[in-house]
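# Breakdown of the fold
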Amino acid sequence: MNSLAFFDCLSIARRIQSQVGSVLSSELHTFAYLSCLLSLYKGNPVSEWGYDFIGIRQNAPYSQPIDDSKSNILRLGFFDIDKEQYIRVSPSGILEHDRLKLLKIYSRREQFIEGACSSILALPIGLIRNALSKEPNLLASQESNSVKALLDERSPSLVLLYDQFNALSSAVRIEMTNLMIPAIVWLSYLSKINEEKEGGMSNG
Amino acid sequence: MAEVDYRMMTEIANIYMTPLVKQYGDKGINILRVIFGTLQQMYKWIEPLQVKGSIVVFVTIESNVQLINNHEGVLHSDFKNIMQDSLTSLIVQVLENGDFLIWKNLDIDVRQLSENSILYEYHDKIERLISAREESHIPKLIKGRASMFAPPTFSDLTEAISEYREEMVRFSSCYLLKEVWYDNNRIFLKNKPEFIMRNSLTNFLKIRLRGDGVEVRPEQNVDESHPVDIKITWMFSNRLALIEIKWLGKSRNGDGSVSTEYSESRAKTGAKQLAEYLDMNKSQAPQHVTKGLLVVFDARRRNTDQLPSSISRVEGLYYADKEIHFDPCYHDIRADFFLPSRLFIEPICQENQ
Amino acid sequence: MPNNIKLPKILKVTLRNFSLFSKNPSITVDFNEGVFCLAGANGLGKSTFLLAINFGITGIVPDERRKFLSIERYYSDSIQFSSKFFSGRINENDRASAEVSLEMIVGEFRYNITRGMFEPQKIRELEVLKREGNKYTKLKDFSKLTFDQKHQEYIRLIPEHVGLETFEQLVFLQLFVLTFDERRELLFWNERVLERVLYLAFGINPEEAKHADVLRKEFEDADSNVRNFNWEATQLRKRIQEIEDQRDTKKEKGEKREDLRIQYSQLTQSREKALIEVNGLENDLRDINLQVGNLSAKQAQLRNEYENLFSTYISHKSIIEYHPLIATALSEGKCGLCGSEGEGVIVAVQQVVASESCPICGNKVAERNNQESEQVFTKLQEVDEQLSKLKQSLDSSLTAQQRIITELEVANNALSAVTQHLRVFENANKLKLEQYQTNTVSTELDTLIANMVNQMENAFAKKDSAIKRREKKSKELKELQKRLQRQYAIAEAEFVASFNKLAVSFLGLDLNIKMEVHQGIAGGISLLLDVNSTPRRQNYQLSESQRYFIDIALRMAIAQFLSDSSSKSTLYIDTPEGSLDIAYESRAGEMFAQFIKSGYQIVMTANINTSQLLHRLAARCKSDMKLLRMTSWTDLSDVQIQEEDLFNKAFAEIEEFLL
């Protein structure tokens, strides 16, 4: 059991639910990954996040600890799930989350989760999902045949990601604890520079 | 892709880093959060296209300052009961406790208002952030919908296609679909428009379809034996949707001659091909629940044999309501067949003819 | 961006007056599209055949004993060796007349060249034709040039037509990448060579690759200079000391000596202070390192404790209501234990839940759980608090550590500066000090010492500038490598896919190549091989034959990556003498066949041991494969005659496939 993944799951679900009413399993992985990236943006090393991600087909991030946590949370009754697989945080889940988030080991992470989930305020979830799939490490994971661990410190695509983050931080210029704007700007950037590529495939 | 586009990154950053955000840091961002949150709530109840003038949402830097002096705003706690008919403008001030002060049909100077507040303005499909008299345009990353803060995402495929029809197809508003036309009045199509149609629909679904691990993929080898244009999978369930696209109407070559003409029978053939394909492939993916959907882009017009360059409303919209009768009605007799979607594209018609 | 190199494709070779092939000293071979295979018993001269072709193209025969230094050096250092190589294979009488002629295609050009077997830098005949439509027209008339001049033209033109910057690069690619010879080290496992290949293959353009090569050499030169000059200087210092000790030392007198003494003691004191500073900081660093180490260990321990507590906390939260059996019973009205169905089931289960006791063992669950849960949570809060404080301490310790490291570096620099100053002063002035004594100093020794001091100071100065040069080159090299990495990230997709495809067909496993950049001043890049048969890694020991074929696959992938699509290159493979694992032979054939199918050419040698491979190849390639027996070329020894019989049987089978 990875307590960080457990907390992140609850936290992400709660935030997304408050904006669009419910959350999907795949969205838990997506926003956990985005939160982790924001932690890198703030200069923390990859190892500090506490659990790993791999890239699966269709350029989506996946984390086993997140999936395990989701199952545990469901079993404990902190999540409810409906027939269409939409997840909502139950009242007992909310209570548990309120209690856990006072622990300092988690409150440090809230900054990144908050930044990641607040991007939904300005960008539709589908667009966020699409934009994130163009992130350098996820893009590289699509090319190789084998399952590839994301954010490996020796991988060339990590360099590309840091290039983007350097540009992002000079563009945003001001140091802020609230990461909503870097998140929105970066995702909009990824979306825009790939616009031409998507539209240009007119001959299949 | 290796080189970072610094200019673009800075351009986008400057849109959200309004002067007051820069000046007030975290406080400024919180105001932005409040504005965005309010917009999402508001657009659930208010249809932006129905407001003739501007929609303005603002938060003052110092809490609850009264900036609009001569007119009394009405206090609301939500947007449920706002009457929308014939609004020429809608102005919303968000207060610290989450309530709203609302003014209707009032003319105000947004620039002046922005001196002490951060302001969102929607006008004529353009959305702006204004503060300290400086404005920036919010990038329209989603084409078609009136506001970036409003587009709904769909879990249901047929709902999504309906929205696609209204938003993108009917008036050929999709920026990709604009390229399929031979002439400016949208009477005739260009040769082989199916690729563009496929890309247009794929793009839309990629962003607007919400589902657990949903993936929208255009198919490469499309022919008689494999008529599927778009494949949609939901990774964490075993659902699979296969979309076949067919178009009706006349297409013309570069030299003006007619290259192809498809009428109703093409749609019927398409349905048959799809049904046969579903049958043939039942054994291939037995764990999946597969369903087929036929999408028909309908660009038929009446009396176009003389290849006119303009068309009347009568001739242009003749087929607007002409539903296609499928025989057999696959969607009635098969559980794995969606009701086919017909997307009629209106031409630009001459008013006085 | 590569994919536009047009490597030579061989059409025809003629060997004249080659005494090794005693029965047939003049041999012509036409090469087909696809696979050409020269088959024969060991020792007949198959390898020589390949070497002769490469010699024809490049003028070079690889010297296995020579260590690879750089692409430029490789060419120039091998010329001598190459000019003598064929001595054992060609009679004295035939020396002058033994030659190799080649006809090859390079992009839209056709080359006909003839080279004497002992003349690496001469060309006897040169013809270059350019294709226009369906015809070939002469580019220029070279007939009136001397052999040397023709060679000059050749080494000027061919790299241009291939798309490389220098002839040496072509030689390098031809001999190291396109030719596989088991006697030389494998490409994948030879870091120096592989690095050069990578730069060429993935570098931004050949110009940059050449620059990287030069930079690397310059860095290494500067590095060895630093060491050499340092050694020289210290030796000189020792020697000077020895000579001075030979002289008498009398008591020093006079004002000038007093002045010098004061200066000297000041300098000595400065040095003392600097030394104390450094020692102090070194102690501080040791202390802080210890502190950081302790704190990190404690942090790991606390984290572990936290995770364990958390697991316990969560496990106590298991609520009856959410157990699968209960939940299903409530929602579906069916008991998972006994199968009963209906409204009654739901009512009964609801009562169980309301009673808060376990239906199986009767214990009061909820209350017990809640109490225990609370206790654990309190402990959890304590550990969390400890962790938080510890993190703060660790963060500030790390900051302090960084600061001390920087200060230590500054102090060390200051120390060496003042030490050097002191030594120079000592040596220069001991002389002066001695001069105030009368009679006991011989002018000769003085001059000698003065000269040596001069030399020593020169050496120190050269060392300093060598250090600066080394820093500069290291920085430039690192930037180049970074650029390369980015380019590689893009090229990785293409190259890896192609390598995987080839190697998967051979080993049947998913392979993965990764590029790694080494840290430190020396830098350098290399490739790592990952064998993934499952999502988790397993350590694979590759057998010798597997390594060979991975290496061949790598070369194929690089050749594919480099080649222009209109001009696919030729790969030369001198098959290993030893027997391969039978299991892999036919798969190896499959790998070759795939390579051919995508339009490339292979020129290979084979012996009796490779028959499985050839079987497979023949079956797949059919008319794209040409098999040539060496029987008619030389006289056979007794052993070889015996082998020939076996051969005949084996190859008859293979030839059947080709019909």
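The paragraphs below set out a description of the structure included in this document.

Calculation criteria
Residues numbered from 1 in each chain as written. Chains lettered and ligands numbered in written order. Predicted model: local features only at pLDDT ≥ 70, side-chain atom pairs only at ≥ 80, totals over all residues. Helix = DSSP H or I, 4+ residues; strand = E, 2+ residues; numbered from the N terminus. Buried ≥ 20, exposed ≤ 12 C-beta atoms within 10 Å, placed from the backbone. Contact = placed C-beta atoms within 7 Å. Pairing = 2+ DSSP bridges. Core = buried A, V, L, I, M, F, W, Y, C linked by C-beta atoms within 7 Å. Axes fitted to C-alpha atoms, helices over the stretch in contact; angles between N-to-C directions. Expected span 1.5 Å × (residues − 1). Parallel < 35°, antiparallel > 145°, perpendicular 65-115°, else oblique. Left-handed = near helix turned anticlockwise from the far one by under 90°. Nonpolar A, V, L, I, M, F, W, Y, C, P; charged D, E, K, R; others polar. Arc of directions from axis to C-beta.

A tally of helices and strands in chain B yields nine helices and 14 strands. Here chain B, with 353 residues, has 38% of them falling under the buried criterion. Contacts spanning at least 24 positions in sequence make up 63% of the contacts within chain B whose residues lie at least 6 apart.

Before going further, it helps to spend a moment on the overall build of chain C. Secondary structure summary: chain C contains 15 helices and 13 strands in total. The buried share among the 659 residues of chain C stands at 30%. When contacts within chain C are restricted to residue pairs at least 6 apart in sequence, those whose partners lie at least 24 apart make up 74%.

This part is about the pairing of strand β13 (residues 289-298) of chain B. Residues and elements named next belong to chain B. Counting buried positions over the ten residues of β13 gives seven, a clear majority of the element. Sheet topology note: the strand β11 (residues 239-252)/β13 ladder contains ten bridges and is parallel. Bridge pairing in β13 places alanine 241 opposite lysine 291. With four bridges connecting them, β13 and strand β14 (residues 341-344) associate as parallel partners. Residue pairing in the sheet places valine 295 in a bridge with serine 341 of β14.

A few words now on the sheet that holds strand β1 (residues 54-56) of chain A. Within a beta sheet, neighbouring strands are joined by backbone hydrogen bonds and run either parallel or antiparallel to one another. Residues and elements named next belong to chain A. Here we have three strands laid out as an open sheet, ordered β2-β1-β5, and antiparallel in their pairing. Each edge of the open sheet is held by one strand with a lone partner, namely β2 (60-62) and β5 (148-149). Pairing analysis gives three bridges linking β1 to β2, with the strands arranged antiparallel. Paired with isoleucine 54 across the two strands is tyrosine 62, which belongs to β2.

By size, the foremost hydrophobic cluster in this structure holds 165 residues, and its most contacted members are A:Ala13 and A:Val185. Each residue touching A:Val185, except ones within four places of it in the same chain, is listed here: A:Leu168, A:Ala171, A:Val172, B:Ile12, B:Ala13 and B:Tyr16. Within the second largest apolar cluster, 110 residues are counted, among which are C:Phe86, C:Val177, C:Phe495 and C:Phe549.

With that settled, consider unusual backbone geometry. Residues and elements named next belong to chain B. Here the bond from aspartate 327 into proline 328 is cis, since omega is 10°, no more than 30 degrees from zero. Secondary-structure assignment places proline 328 in the loop between α8 (313-316) and α9 (330-333). Phi at lysine 125 takes a positive value of approximately 70°, unusual for a residue other than glycine. As for its placement among the helices and strands, lysine 125 is situated in the loop between β5 (117-123) and β6 (126-131). In this model, arginine 133 sits at a positive phi of 70°, which is unusual for a non-glycine residue. As for its position among the elements, arginine 133 is in the loop between β6 and β7 (134-137). Classification of arginine 133 by C-beta neighbours within 10 Å gives exposed; the count is 12.

The subject of this paragraph is the environment of B:Glu261. You can see B:Glu261 is positioned in strand β12 (residues 258-262). For the pair B:Glu261 and B:Lys250, spaced eleven residues apart in the sequence, the C-alpha separation amounts to 4.4 Å.

Residue and element names in this part refer to chain C. If you trace the six strands from one edge of the open sheet to the other, you get β2-β1-β4-β5-β6-β7, paired in antiparallel fashion. Since the sheet does not close on itself, it has two edges, and those belong to β2 (27-30) and β7 (135-138), each with one partner. For this sheet, the mean inter-axis angle between neighbouring strands, taken without regard to orientation, is 20°. Relative to the sheet, helix α1 (residues 46-58) contacts β1 (9-16), β4 (99-106) and β5 (109-116), its axis offset from that of β4 by approximately 70°.

Moving on to helix α1 (residues 3-20) of chain A. In this model α1(A) runs 26 Å from its N-terminal to its C-terminal C-alpha over 18 residues, within 8% of the 26 Å that 1.5 Å per residue would give. A:Gly21 sits one or two residues past α1(A) and shows a positive phi near 95°.

Quick look at the interface of chain B and chain A now. If you look at the interface, chain B gives 44 residues, while chain A gives 42 residues. Among the elements of the structure, α1 (6-16), α3 (26-45) and α6 (194-208) of chain B are those that each provide at least two residues to the side of chain B that touches chain A.

Residue and element names in this part refer to chain B. Between helix α5 (residues 157-169) and α6, the shortest axis-to-axis distance is 11 Å and the interhelical angle comes to 120°. Classed by the angle they form, the pair α5 and α6 counts as oblique. Regarding α5 and α6, the two cross each other, and that crossing is right-handed. Here α5 contributes Ala160, Glu163, Tyr164 and Met168 to the contact with α6, which in turn contributes Ser200, Leu201, Phe204, Leu205 and Arg208. Of the residues belonging to the contact of α5 with α6, the class tally is six nonpolar, one polar and two charged.

All names here are of chain C. Between the first and last C-alpha of helix α3 (residues 147-162) there are 22 Å, a value that for 16 residues agrees with the 22 Å anticipated at 1.5 Å per step. For α3, the full list of buried residues reads Lys150, His151, Tyr154, Ile158, His161 and Val162. End-on, the buried residues of α3 take up no more than an arc of 110°, which puts them together on one face. In α3, the exposed positions angled more than 90 degrees off the buried face are occupied by Asp148, Arg156 and Glu160. At the exit of α3 stands glycine 163, carrying a positive phi of roughly 110°.

Bear in mind that shape data such as this cannot, by itself, settle questions of function.
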